[in-house]
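Descriptive analysis of the structure
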Amino acid sequence: MKEMAASPNIQRLYDDHAPALFGFLLNLLRNEADTRDAMQEVFVKLARRPALLEGARDERGFLLRLGHNLAIDLIRRRGARERNYEQLARESPALFAESANPDEQIFREKLAEALGELPADQRAVLHLKLWEKLTFDAIAQTLDIPPNTAASRYRYGLDKLRERLRPIYDEIK
Amino acid sequence: MNSDFENQLQRRPLRELPRQWRSEILAAARPASGPRPLAFVSRLSSWLWPYPRAWAGLAAAWVVIFVLHFTAPDEPRLAGNSSSMTIQSFATLQQQTLMMAQLLGQTDNAEPPAALPAAPKPRSERPMQQMIG
């Protein structure tokens, strides 16, 4: 029997938003297998309950929010079975595209490492602000936190990154 | 306004999404008529995972209950034994009484021992008089 394909709407959602969701979840979960599981869960959920998207004004924001909630669940579950989650976060998978320039490649690796050292809530805000270019209001909606909290988490996280990357950043600047 | 440092970070492109994931994820997200067993197992495991010790403790308690249940002596058999023992000892007692009466030469006067008292009847079957008087 021929297998049914995903609905056209799910395919479109995937093509439009999966790359952003991938970057966000990989940065949060720091593990490729978990990222894939979380992404699959997002799209399976949407396929089963298409009505979920009906009330959403911003598709990307809604998918990121759904992905964030699933990632937090996954982190908690992983925390219960492996106490070394923080260790896993520091292992930093390849988060950035590879660069042919060795200095630039080292900077990207150090940046991924430094992000892994941040608490997951600061990492989420930094990612959405820097690589999704969301405003603090949009970040607050996505993560279900007050905008002031989003802004303060961003500042703390950015300060830590600056401190951690200062030596290498001054070199490549 | 973004600082120079923030601009520098933003310029670092994120890794691309693996291409083969598309077909795998979309195949999993095909419309389903009902919950699939795999999804059910995954949901069950996600429900059980936060408290593994509690569930393990509960499972251990059940194992202990089953072991005790199968190793403990059978109660009905015990009850049967005790009842037959009572009848046996009553018969022995009756025999001994008769023997004693014969030895004492009171065979004629020897009264047979009272019959084994019957088990009390359920309340509903007791004679009305007993209930009244």
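Cut-offs and rules
- Residues numbered from 1 in each chain as written.
- Chains lettered and ligands numbered in written order.
- Predicted model: local features only at pLDDT ≥ 70, side-chain atom pairs only at ≥ 80, totals over all residues.
- Helix = DSSP H or I, 4+ residues; strand = E, 2+ residues; numbered from the N terminus.
- Buried ≥ 20, exposed ≤ 12 C-beta atoms within 10 Å, placed from the backbone.
- Contact = placed C-beta atoms within 7 Å.
- Expected span 1.5 Å × (residues − 1).
- Axes fitted to C-alpha atoms, helices over the stretch in contact; angles between N-to-C directions.
- Parallel < 35°, antiparallel > 145°, perpendicular 65-115°, else oblique.
- Left-handed = near helix turned anticlockwise from the far one by under 90°.
- Nonpolar A, V, L, I, M, F, W, Y, C, P; charged D, E, K, R; others polar.
- Core = buried A, V, L, I, M, F, W, Y, C linked by C-beta atoms within 7 Å.
- Bend = angle between axes of the 7 residues up to and from the residue.
- pLDDT = per-residue confidence, 0-100.

Helix and strand content of chain B: 6 helices and 0 strands. Ordered by position from the N terminus, the helices and strands of chain B form the series α-α-α-α-α-α.

Once that is clear, we can look at the overall build of chain A. What chain A contains, in helices and strands, is 8 helices and 0 strands. Looking at the 173 residues of chain A, the share that counts as buried comes to 38%. At a minimum sequence separation of 6, the contacts of chain A that also span at least 24 residues come to 65%.

Time to look at helix 4 (residues 52–71) of chain B. Counted at 1.5 Å a residue, the expected span for helix 4 of chain B with its 20 residues is 28 Å, and the 28 Å between its end C-alpha atoms agrees. Taken across its 20 residues, helix 4 of chain B has 0 buried, putting it largely on the surface.

Right, let's get into the packing of helix 1 (residues 8–29) of chain A against helix 6 (residues 120–130) of chain A. All names here are of chain A. At a minimum axis distance of 9 Å, the contact between helix 1 and helix 6 shows a crossing angle of 155 degrees. The orientation of helix 1 with respect to helix 6, classified from their angle, is roughly antiparallel. For the pair helix 1 and helix 6, the crossing hand works out as right-handed. Across the interface between the two elements, Phe24, Asn27 and Leu28 of helix 1 pack against Ala120, Arg123, Ala124 and His127 of helix 6. Classifying every residue of the contact of helix 1 with helix 6 by side-chain character gives 4 nonpolar, 2 polar and 1 charged.

Let us now look at the interface of chain B and chain A. Contact with chain B, which involves 24 residues of that partner, is made by 34 residues of chain A. Mapped onto the side of chain B that touches chain A, the elements with two or more residues apiece are helix 1 (4–10) and helix 2 (20–28) of chain B. Of all the elements, helix 2 of chain B adds the most residues to the side of chain B that touches chain A, at 6 residues. Within the side of chain B that touches chain A, the residues separate by chemical class into 16 nonpolar, 2 polar and 6 charged.

Our focus in this paragraph is the nonpolar core. If you look at the biggest cluster of nonpolar residues, it comprises 50 residues, and the most contacted ones within it are Leu25, Val42 and Phe43 of chain A. Looking at this core, the elements with two or more residues in it are helix 1, helix 2 (32–48), helix 3 (59–81), helix 5 (102–117), helix 6, helix 7 (136–143) and helix 8 (147–172) of chain A together with helix 2 of chain B. Examining the composition of this core, we find that 10 residues originate from one element, helix 1 of chain A, more than from any other. Leave out the neighbours within four places in its chain, and Phe43 of chain A touches Ile10 and Tyr14 of chain A together with Ile25 and Ala29 of chain B.

As a further point, take the packing of helix 1 of chain A against helix 2 of chain B. The relative placement of two packed helices is expressed as an angle between their axes plus a distance between the axes. Interhelical geometry of helix 1 of chain A versus helix 2 of chain B gives an angle of 145 degrees and a closest axis separation of 11 Å. Here helix 1 of chain A and helix 2 of chain B pass one another in a crossing that is right-handed. For the pair formed by helix 1 of chain A and helix 2 of chain B, the contact residues are Ile10, Gln11 and Tyr14 of chain A on the first element and Arg22, Ile25 and Leu26 of chain B on the second. Across the contact of helix 1 of chain A with helix 2 of chain B, the residue classes break down as 4 nonpolar, 1 polar and 1 charged.

Relative to the assigned elements, Leu53 of chain A resides in the loop between helix 2 and helix 3. When residues no more than four places from it in sequence are discounted, the contact partners of Leu53 of chain A are Leu46, Glu59 and Phe62 of chain A.

In this section: helix 1 of chain A. Along helix 1 of chain A, the sharpest kink reaches roughly 55 degrees, centred on His17 of chain A and followed within four residues by the proline Pro19 of chain A. Taken from the residues just after helix 1 of chain A, Arg30 of chain A is the one with a positive phi, measuring 60 degrees.

Time to look at the confidence of the model for chain A. Confidence along chain A averages 87 in pLDDT terms, with 88% of residues attaining 70 or more. The least confident element of chain A, judged by mean pLDDT, is helix 4 (residues 85–90) of chain A at 57; the most confident is helix 6 of chain A at 96.

On to the environment of Leu66 of chain A, then. All names here are of chain A. With respect to the helices and strands, the residue Leu66 is situated in helix 3. The spacing of Leu66 and Glu41 is 25 residues in sequence and 9.4 Å in space, taken between C-alpha atoms. Setting aside chain neighbours within four positions, we find Leu66 in contact with Val42 and Lys45.

Right, let's talk about the confidence of the model for chain B for a bit. One rule of thumb: low pLDDT means the predicted coordinates there are not for detailed reading. All names here are of chain B. For chain B, per-residue confidence averages 73 on the pLDDT scale, and residues scoring 70 or more make up 56% of the total. Averaged over each element, pLDDT in chain B is lowest for helix 6 (residues 128–132) (53) and highest for helix 2 (93). The ipTM for the predicted assembly is 0.81, set against a pTM of 0.63.

Take unusual backbone geometry next. All names here are of chain A. The phi angle at Arg30 is positive, at roughly 60 degrees, despite the residue not being glycine. Locating Arg30 in the fold gives a position in the loop between helix 1 and helix 2. Overall, the presence of 24 C-beta atoms within 10 Å leaves Arg30 in the buried class. The phi torsion at Asp144 lies on the positive side, around 60 degrees, for a residue other than glycine. For Asp144, the position within the fold is in the loop between helix 7 and helix 8.

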